[in-house]
Amino acid sequence: MDLLRFITAGSVDDGKSTLIGRLLYDSKSVFQDQLEAIEKTGQVNGQINLALLTDGLKAEREQGITIDVAYKYFSTPKRKFIIADAPGHIQYTRNMVTGASNSELAIILIDSRKGVIEQTYRHSYIASLLKIPHVVICVNKMDLVDFSKERFEEIVEDYKNFASDLDFKGLEFIPISALNGDNVVDTSPNMTWWKGKTLLGYLEDLEIEVDETKHEPRFPVQYVIRPQTEEHHDYRGYAGQVRSGVFKKGDDIAVLPSGLRSKIKSINTYESEVEEAFAPMSVTILLEDEIDISRGDMLVVDKHQPTVSQDLEAEVCWMDAKSLVPGNKYLLRQTTGSVKSAVKEISFRIDIQTHEKLESSQLALNEIGRIKIRTAKPIAFDSYSENRGTGSFVLVDEGTNNTVGAGMIVGAY
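Bear in mind that the values here come from a model prediction, so they are computed numbers and not experimental data. (Residues numbered from 1 in each chain as written. Predicted model: local features only at pLDDT ≥ 70, side-chain atom pairs only at ≥ 80, totals over all residues. Heavy atoms only, no water.)

A. Examining the pairing of strand S23 (residues 368-381) more closely. Sheet topology places strand S19 (residues 307-318) next to S23; 10 bridges connect them, and they run antiparallel. Its bridge partner being in S23, Val316 is matched across the sheet by Gly369. (Pairing = 2+ DSSP bridges. Helix = DSSP H or I, 4+ residues; strand = E, 2+ residues; numbered from the N terminus.)

Next comes the structure, spelled out in structure tokens:
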């Protein structure tokens, strides 16, 4: 079975955790001891509080909110799923970015009473920014608007007007009641006007194109293997995970950022030698020439090279209470490498609600903007839109070792 990773997002009290709990409960993916535990904890309107299946932190249960990203796993006969339940509060935008970075689909919840609000804009923009290809809008709490078809259609129209300039390959709308289970796993008897799929039916049938072999070959070196034993006296292998594309024995390759060239002598897995390696295989590559390669270098097929530069432009979501200002220095971690860097310029800050590009001298916590960075030495990268694996990075404060920013490379400048 294939695997679908998706994230749920929405404003506070839109019912994200309840929706995931309903998916787990109605698809029979909850263990009996879990059910017994939450039955003792409390109920909502005489029903099991399904949100407790995801809200595991003590503070979350006390306040009835989600604070950190919670990951849940379940499967049906058709597909396996990994769910990231993201917080709804504005101050946890950084947590939503973390959860969305590996997702192929985003479920954005809208409270049918409130309609499209600022957090809807924020989460939709982040989903677009992170190149999540598919978005499904779940209009929740339909039971509180008497399952009104007119109200649902009004929200659909409002959202489409807002999202017309966002880059989604697929956009779907489903009316649901997570608390009661309407259109989540089973078709709702209360919305006979709805002829579309249930949410689970949509998730099971969605065709996801995440074939990393279609991208250009990229192999960040994670570790250099030199046994230095009599049996393997001259063995020098470069271990890591194929980030994208396909590498074959005999390929002409370039080592970046140095630009040195060689040819693939062999490709080894733990079990045996193979003729080719493709994403996301973890392998050891041996080259015909002994050249200087270390962790953080990238092997690429010679005729399909990424950009190599010290100057890069990127969208960044700021995650630190201390604002980002030009001149600040950070450790930039991209693929397996780390390099010292300095922020040269803040090009603009993005107004999440209007998508306007605003002049700004700094980026505060949870704000998103475009910046220019200079690294201490050249790095190899693709634009994030072309390759999420080699086009993303994090910024780390060397003093505290905290991750303070998540970046998506636009290109060199």
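The structure having been displayed, the exposition proceeds.
B. Seen up close, the nonpolar core. Phe6, Leu23, Leu105, Ile107, Tyr159, Leu199 and Leu203 are the most contacted members of the largest nonpolar core, which has 69 residues in total. Here the element with the most residues in this core is strand S6 (residues 105-111); it accounts for 6 residues. Inspection of this core shows a minimum of three residues originating in each of domain 1 (2-210) and domain 3 (307-412). Listed in part, the 20 residues of the second largest apolar core include Ile267, Val274, Ile285 and Leu299. (Core = buried A, V, L, I, M, F, W, Y, C linked by side-chain atoms within 4.5 Å. Buried < 20%, exposed > 50% of the residue type's maximum accessible area, 1.4 Å probe, protein only. Domains from an automatic or database assignment.)

C. Region of the structure containing the sheet that holds strand S5 (residues 80-85). Across the sheet, which stays open at both edges, the 6 strands sit in the order S4-S5-S1-S6-S7-S8 with mixed pairing between neighbours. Whereas interior strands pair on both sides, the edge strands pair on one side only; in this sheet they are strand S4 (70-75) and strand S8 (170-175). Here the strands of the sheet are splayed against their neighbours by 20° on average, with no regard to which way each runs. Inspection of the sheet shows S6 paired to strand S7 (residues 134-140) by 7 bridges, in the parallel sense. Counterpart to Ile108 in the pairing with S7 is Ile137. Along the sheet, helix H5 (residues 118-129) contacts strand S1 (3-10), S6 and S7; its crossing angle with S6, the most-contacted strand, is approximately 170°. Packing against the sheet, helix H6 (residues 149-162) makes contact with S6, S7 and S8, and its axis sits at approximately 155° to S8. (Axes fitted to C-alpha atoms, helices over the stretch in contact; angles between N-to-C directions. Contact = heavy atoms within 4.5 Å.)

D. A look at the pattern of salt bridges. Within this structure, the stated rule accounts for 20 salt bridges. Of the charged contacts, one joins Arg22 and Asp26 as a salt bridge, the two residues approaching to 3.2 Å between their closest N and O atoms. Of this pair, Arg22 and Asp26 are both found in helix H1 (residues 16-26), 4 residues apart, which corresponds to roughly one turn of the helix. We classify Arg22 as buried; its relative accessible area is 8%. Here Lys263 and Asp252 are joined by a salt bridge, their closest N and O atoms 2.9 Å apart. With Lys263 in strand S14 (residues 260-268) and Asp252 in strand S13 (residues 252-256), the pair connects residues that are 11 residues apart, well separated along the chain. For Lys263, a relative accessible area of 28% gives the class partly exposed. On the basis of relative accessible area, Asp252 is assigned to the partly exposed category, the value being 42%. Each of Lys78, Lys197 and Asp205 takes part in one network of salt bridges that share partners. (Salt bridge = Lys/Arg side-chain N within 4 Å of Asp/Glu carboxyl O.)

E. A look at the environment of Tyr125. Mapped onto the fold, Tyr125 is located in helix H5. Overall, Tyr125 belongs to the buried group, its relative accessible area being 13%. Here the alpha-carbon distance between Tyr125 and Thr354, two residues 229 residues apart in the chain, equals 9.8 Å. Sequence-distant contacts of Tyr125, defined by excluding residues within four places in its chain, comprise Leu166, Ile350, Ile352 and His355.

F. Expanded view of H5. The terminal C-alpha atoms of H5 lie 16 Å apart, and with 12 residues this matches the ideal 16 Å at 1.5 Å per residue to within 8%. With its phi angle positive at about 60°, Lys131 sits one or two positions after the end of H5. (Expected span 1.5 Å × (residues − 1).)

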